[in-house]
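Chain and residue survey
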Amino acid sequence: MFRRLQAYLAEGDMRAFLPPMAVALQGGGAYGAFAWGVLDRLFEEEDFFPAAMSGASAGAVNAVAAAWGWLDGGREGARAALRQVWSSIGQLALLSPFGLPGADLQFDLLTRLVSPYQFNPLNINPLRDLLAGMIDFERLRRHGEVPLFISATEVSTGEQRVFRESELSIDAVMASSCIPYVHHAVEIDGRSYWDGGFSSNPPILPTVLESACRSLLVVKLTPDAEPALPTAARDIFARLKRILFNAPLLRDLDALEEMRNLLRRTSFLSADLRRLRDLVVRSVAIDHSYVTGSNGLALDPRPELLARLHAAGRAAVDVLVGGASAAAD
């Protein structure tokens, strides 16, 4: 794939990938299976090596699982680890009450009236048990080969905290994926954290500034556009949440583009600043049909939904690569 794309880029069109490539993974609960599909397809390519991976919430889970699998078995190890995570999440969902009629509405009402410190006093989190049993975080910290940027939001200030690969722990991943109306805040070194999607979804600037990437693929779990105007209260609230969670990404991408525009005005740049100026930024986004109606249940990772999202993610990469290959031909 990348050899074909390099030929394409040599002709002057910078709308494709350029290795080494970083992958930025947005958060979004069950919709993270779309990013699983994207990564699954990318890791099939022998020329693909992640220059860095960043993530928030479900994106953090995907990034850490892929990095762990890569350490244990290269690209096939990364694919296997991601498959294990999402297959296990799907099986856990079969035990969830969300599949019952009206359960999602009842849960929505419950979380508006009662905090997780009341309805879940023991802070039970099956995802924590799953990842703790699967990943040796100490080994990943010491020997991990993929640069990682995992975001969480400090509760007291609202500021982002980016955990690097050398400081990863199960607590860091749980902090990044801590939905405050479902789970207790995660305490690390005396500070409390909520979901990284509130402040950095995912962290873009640290990823491109502190890695050697020459291109960036942003995997969005919020649609690029949602044509229908929401009029029901539940749909309005859901759309508002997606807008709020997408805002940090748009902010970071705007800041990155402004930075690159400034660099384009200067001829005398260091090699690293030239890399940043010429960075190729592409994105793939989940289709709006997945976040509306009966599909719009980010907290209900049913196996059939995960399978469709995984297939959609793979197809999105095929379209991206196919378009570049067609242009190259």
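The structure presented is a predicted model; accordingly, all values stated were derived computationally and were not measured. (Residues numbered from 1 in each chain as written. Predicted model: local features only at pLDDT ≥ 70, side-chain atom pairs only at ≥ 80, totals over all residues. Heavy atoms only, no water.)

**Concerning the overall build of the protein chain**
- On a plain count of helices and strands, the protein chain comes out with 12 helices and eight strands.
- Within the structure as shown, the protein chain displays about 14900 Å² of accessible surface, and the carbon and sulfur contribution to it stands at 56%. (Helix = DSSP H or I, 4+ residues; strand = E, 2+ residues; numbered from the N terminus. Areas by Shrake-Rupley, 256 points an atom, 1.4 Å probe, with all protein chains shown as cover.)

**Focus on the pairing of strand 1 (residues 21-25)**
- With five of five residues buried, strand 1 lies mostly within the body of the structure.
- Side chains Met21, Val23 and Leu25 of strand 1 all project onto a buried face; the interleaved residues Ala22 and Ala24 project onto the opposite face, where all are buried too.
- Pairing analysis gives five bridges linking strand 1 to strand 2 (residues 50-56), with the strands arranged parallel. Considered in strand 2, the bridge of Ala24 is made with Ser54.
- As for the winding sense of the linkage, the β-α-β connection from strand 1 through helix 2 (residues 32-42) to strand 2 is right-handed.
- With five bridges connecting them, strand 1 and strand 7 (residues 215-220) associate as parallel partners. The partner of Val23 across the bridge, within strand 7, is Leu217. (Buried < 20%, exposed > 50% of the residue type's maximum accessible area, 1.4 Å probe, protein only. Pairing = 2+ DSSP bridges. Right-handed = clockwise from strand over helix to strand, strands pointing away.)

**Some thoughts on the packing of aromatic side chains**
- Considering all chains together, one arrives at six aromatic pairs under this definition.
- Where Trp36 meets Trp86, the ring centres are 6.5 Å apart and the plane angle is 10 degrees; that geometry is what we call stacked. Placement of Trp36 in helix 2 and of Trp86 in helix 3 (residues 58-93) is noted, with a sequence separation of 50 residues between them.
- Measuring from ring centre to ring centre gives 5.7 Å for Phe43 and Trp70, while their planes differ by 45 degrees; the resulting arrangement is tilted. Of the two residues, Phe43 sits in the loop between helix 2 and strand 2 while Trp70 sits in helix 3, which places them 27 residues apart along the sequence. For the pair shown, Phe43 and Trp70 are each scored as buried. (Phe/Tyr/Trp six-rings, centres within 6.5 Å; stacked < 30°, edge-to-face > 60°.)

**Here's the deal with the nonpolar core**
- Phe34, Leu131 and Val219 are the most contacted members of the largest nonpolar core, which totals 68 residues.
- Sequence-distant contacts of Val219, defined by excluding residues within four places in its chain, comprise Val23, Ala24, Leu25, Gln26, Phe34, Ala35, Val38 and Val284.
- Grouped together as the second largest cluster of nonpolar side chains are 18 residues, Ala22, Ala51, Phe149 and Leu269 included. (Core = buried A, V, L, I, M, F, W, Y, C linked by side-chain atoms within 4.5 Å. Contact = heavy atoms within 4.5 Å.)

**Points about the packing of helix 2 against helix 3**
- Viewed as axis vectors pointing N to C, helix 2 and helix 3 meet at an angle of 25 degrees, and their least axial separation amounts to 9 Å. One way to sum up the angle between helix 2 and helix 3 is to call them roughly parallel. Of the two possible hands of crossing, helix 2 and helix 3 adopt the one that is right-handed. Contact residues: helix 2 offers Gly32, Ala33, Ala35, Trp36, Leu39 and Asp40, while helix 3 offers Ala58, Asn62, Arg79, Leu82, Arg83 and Trp86.
- Split into classes, the residues belonging to the contact of helix 2 with helix 3 amount to seven nonpolar, two polar and three charged. (Axes fitted to C-alpha atoms, helices over the stretch in contact; angles between N-to-C directions. Parallel < 35°, antiparallel > 145°, perpendicular 65-115°, else oblique. Left-handed = near helix turned anticlockwise from the far one by under 90°. Nonpolar A, V, L, I, M, F, W, Y, C, P; charged D, E, K, R; others polar.)

Just distances and angles here, no functional claims.
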